Amino acid sequence: MSSWILSFEPLLNIHLTLWGLILLFAIIAVLEWRRRMGRKLLRLSALLLAFIGLAGILLRPHYQTESVLSDIMLLTQGYNEEEVDSLLQSNPGLNIYKAPGAADFKAAAELKSFNELAGIKERVHYVLGDGLPDYVFDDIAPFRFTYFPSSTPEGIQAINVPEKVSTNRRSAVSGIASQVAPGSMIRWSGPEGKIDSLLLSSSTKEFSFGFTPKLAGKFIYDLELLDSAGSSTATYKVPVQVAEERKLKMVFISQFPTFESRYLKNLTAKQGHSLALRYQLSKDKFRYEFANQAEVPFRRLTTTLLDDADLLWIDEASLDALGREEANALNAAVDQGLGVFVTINEVSASRKTSRWIPVQLTRYDADTLSVAVDLGRQVSLSGVGLAIDRSPEVIPVWEDGSGSVLAAYAYQGLGKIGTALWQDTYRLVLKGQELTYAALWMEVIESLARRASVCCHIQVETKEPYFIDEPVRFTVISSLEEPPLVRYKGETVPLIESWQLDNVWSGTIWPDATGWDSLFVEAAGQSKHFFVHEQSDWQSVAVTQQIANTALHGGTEPGISREYIQAIKKPISAVIFYLLLLIGFGGLWLAPKV
């Protein structure tokens, strides 16, 4: 089907060309009319044909036609040829395209890059194989297709690395291994050598390895798959960035020293936090202890003391004894970001204390609490006979096996107030479980402590692994009035602000080298590090993620074949215009002779 609506692709400016031809035709037509020769109408007709031909040559007119296009079957790496043949039998008119890296198939058009999908995306009806990278789906335009995934790859399919790893804190790397022969083994190694190993008793197995870094920095650990004979079949480089623990300023206030406070002091002081402890020996007599800071005794809670602290640790009796000025100073400090932990040791908290704790407490009959602290292992603790009611304002820190909240906090202004409903946790240290004790309490301390003041926070949104020439998307949350400046390898990265949220910016980079890489946020003076893998590394993980992501966007029902009408502009043949020009000038030449 054709439409004779004309469009032009002129050699010169269309307006100048048209007016020039009209003016020239008018002049020549007048001159021809005034000539004392016969057959004027024949000469003018010939002149008109000549100018029509000349106009066609200069203006290059096109007409519009429509072409019927068929659905596309897109073959990606790992596709099944039997599935392709089956689909072709039921849909013989399918056009076949082959994605980069896919095996050759007869009559398949080749895509040099996934970026070429932009022009044919709406025609893709079937996708077969390992699927499409996630950046293909970034376009807002809908992309509907039926997906026939390839088989699950052998090896490790998922590796989960904690975003935050700190020195002297136990962390864990976990994952899933699949399609491995029984009797195989996973070995976990780091800069210090072999750390741990796990025997795989079935073809699919979840795994988890703990480690406790002693030094800060960027390190490469290894997950190695070994067969039943002990030979290495695959090695996965696991990048881990270890950060120094943030050093906090804490104030402890208690009516009297306890074993719990003594062991907490030892733990936090050993990790480098600065501590000021005050015990009340009598009405006007106090005892002080200090660690990692100057010894400055204090009798009252003042604005200066509280504004300089990150966390106040206070027991019920001391909280009840606060005067009006101290209470006002504490309230103001919490509103400005101070964290407060209230120690509750009795079965029922006092009414005066209850107004300080922004959580509702209920009775909890069990004397023993079970908490999954160290890499999911259950730890038994002594309770105080209370639990914390769940509510939208309450943010849990620790829960027991039944889901009861045992440690939590709630916001007050910019600060937080919380508590934990256990006691005598120092017994873990006496049992030799120092790491468990540290993990239990440091999670509470870091959750409640005053947040570090940072003007910009950068987060890499693209899932690992990252490869050369594949996009890495990131988000910057800023408190600045102006757009944050993010640099990558010395160049400024263009940012786009979210249309939904103010001061939330996103950008994309394309790494060009393997190894550790980073984004630098100039206003914050901070870098966000990430690791770019070799193309051959983490392939089973990357393929598993790609299959899952493609299945999320695609369907499983074959659907009905579709046809697409494409409008095409076709040029009117220039031969026609040259013939008109020749006939016109020929007519002008022959007219006087006839």
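In this report, the structure presented in the accompanying data block is examined. (Residues numbered from 1 in each chain as written. Predicted model: local features only at pLDDT ≥ 70, side-chain atom pairs only at ≥ 80, totals over all residues. Heavy atoms only, no water.)

**Topic: the sheet that holds strand S5 (residues 109-110)**
The strand order across the open sheet formed by five strands is S5-S4-S3-S6-S7, and the pairing between neighbours is parallel. Sheet topology places S5 and strand S7 (146-149) at the edges, where each strand pairs with a single neighbour. Where strand S3 (residues 72-75) lies against strand S4 (residues 95-98), four bridges are found, and the strand directions are parallel. The residue of S4 that forms the bridge with Leu 74 is Tyr 97. (Pairing = 2+ DSSP bridges. Helix = DSSP H or I, 4+ residues; strand = E, 2+ residues; numbered from the N terminus.)

**Notes on the packing of helix H2 (residues 40-59) against helix H12 (residues 574-590)**
Each pair of packed helices can be described by the angle between their axes along with the distance between the axes. Relative orientation of the contacting elements H2 and H12 amounts to 155°, with a least axis distance of 7 Å. One finds that H2 runs roughly antiparallel with respect to H12. In this structure, the crossing between H2 and H12 has a hand that is left-handed. From H2, Arg 43, Ala 46, Leu 47, Leu 49, Ala 50, Ile 52, Gly 53, Leu 54, Gly 56 and Ile 57 reach across to H12, where they touch Phe 577, Tyr 578, Leu 580, Leu 581, Ile 583, Gly 584, Phe 585, Gly 587 and Leu 588. A breakdown of the residues in the contact of H2 with H12 according to their chemical character gives 14 nonpolar, four polar and one charged. (Axes fitted to C-alpha atoms, helices over the stretch in contact; angles between N-to-C directions. Parallel < 35°, antiparallel > 145°, perpendicular 65-115°, else oblique. Left-handed = near helix turned anticlockwise from the far one by under 90°. Contact = heavy atoms within 4.5 Å. Nonpolar A, V, L, I, M, F, W, Y, C, P; charged D, E, K, R; others polar.)

**With respect to the sheet that holds strand S33 (residues 496-497)**
One open sheet holds the four strands; their spatial order is S29-S30-S34-S33, and the pairing between them is antiparallel. Only two strands of the sheet have a single partner each, and these edge strands are strand S29 (456-460) and S33. In terms of strand pairing, strand S30 (residues 472-478) meets strand S34 (residues 504-509) through six bridges, oriented antiparallel. Counterpart to Val 476 in the pairing with S34 is Trp 505.

**With respect to the side chain of Arg 169**
Within the secondary structure, Arg 169 is located in the loop between strand S9 (165-166) and strand S10 (171-178). For Arg 169, a relative accessible area of 12% corresponds to the buried category. Here Arg 169 is in contact with Phe 211, Thr 212, Pro 213, Glu 245, Gln 271, Met 442, Glu 443 and Glu 446, once residues within four sequence places are set aside. (Buried < 20%, exposed > 50% of the residue type's maximum accessible area, 1.4 Å probe, protein only.)

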